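# Close look at the chain arrangement
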Amino acid sequence: MTKGEKRVGIGFNPSGNEAVDRIKRQAADLIDGIECIAASSPAVSIEVGRLKDLAQTAVESAAMWAVKAATKRAE
């Protein structure tokens, strides 16, 4: 499993909702793409790492909210 797949819980979809699968796949791919960003020099490495972490966390959050929207039932 890739970092993105682990972060979004790619295999967890008890409802079998296709939208959930699609959201999680897209989020996992974006997280993995962010992971591939390289620092241009050792001097900026720490800052690039911090920015990558922030971006990946934002993607995780967005995926969570999107899954919630896709699975929301009437109350």
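Every residue gets a number counted from 1 within its own chain, in the order that chain's sequence is written. Restriction of local features to residues with pLDDT of at least 70 applies here, the model being predicted, together with a cutoff of 80 or more for giving and counting side-chain atom pairs; totals for whole chains, interfaces and linings are based on all residues. No hydrogens and no water enter the side-chain calculation; it runs on all heavy atoms of the structure.

### Concerning the confidence of the model for the protein
The predictor reports its confidence for every residue as pLDDT, a score running from 0 up to 100. Of all residues in the protein, 100% have pLDDT values of 70 or greater, and the mean over the chain is 95. Mean pLDDT across the elements of the protein bottoms out in helix H3 (residues 45-71) (96) and peaks in helix H2 (residues 18-35) (98). Helix numbering and strand numbering both begin at the N terminus, where a helix is a DSSP run of H or I of at least 4 residues and a strand a DSSP run of E of at least 2.

### Observations concerning the environment of Leu51
With respect to the element layout, Leu51 can be found in helix H3. Residues Leu51 and Ile34, 17 residues apart in the sequence, show an inter-C-alpha distance of 9.6 Å.

### Some details on the nonpolar core
Counting residues in each nonpolar core, the largest one holds 11 residues, listed as Val8, Ile10, Val20, Ile23, Ala27, Ala28, Ile31, Ile34, Val59, Ala63 and Val67. Residue assignment for this core shows that the elements contributing at least two residues are H2 and H3. When residues of this core are assigned to their parent elements, the largest contribution, 6 residues, is made by H2. We call a set of buried Ala, Val, Leu, Ile, Met, Phe, Trp, Tyr and Cys residues a nonpolar core when their side-chain atoms join them within 4.5 Å. Here's how the labels work: a residue is buried when its accessible area is under 20% of the maximum for its type, exposed when over 50%, partly exposed in between, all with a 1.4 Å probe on protein chains only.

### Notes on H3
The periodicity of an α-helix, 3.6 residues per turn, causes residues three or four positions apart to be oriented the same way. Counted at 1.5 Å a residue, the expected span for H3 with its 27 residues is 39 Å, and the 39 Å between its end C-alpha atoms agrees. Every buried residue of H3 is listed here: Val48, Lys52, Gln56, Val59, Ala63 and Val67. For a helix, the expected span equals 1.5 Å multiplied by the number of residues minus one.

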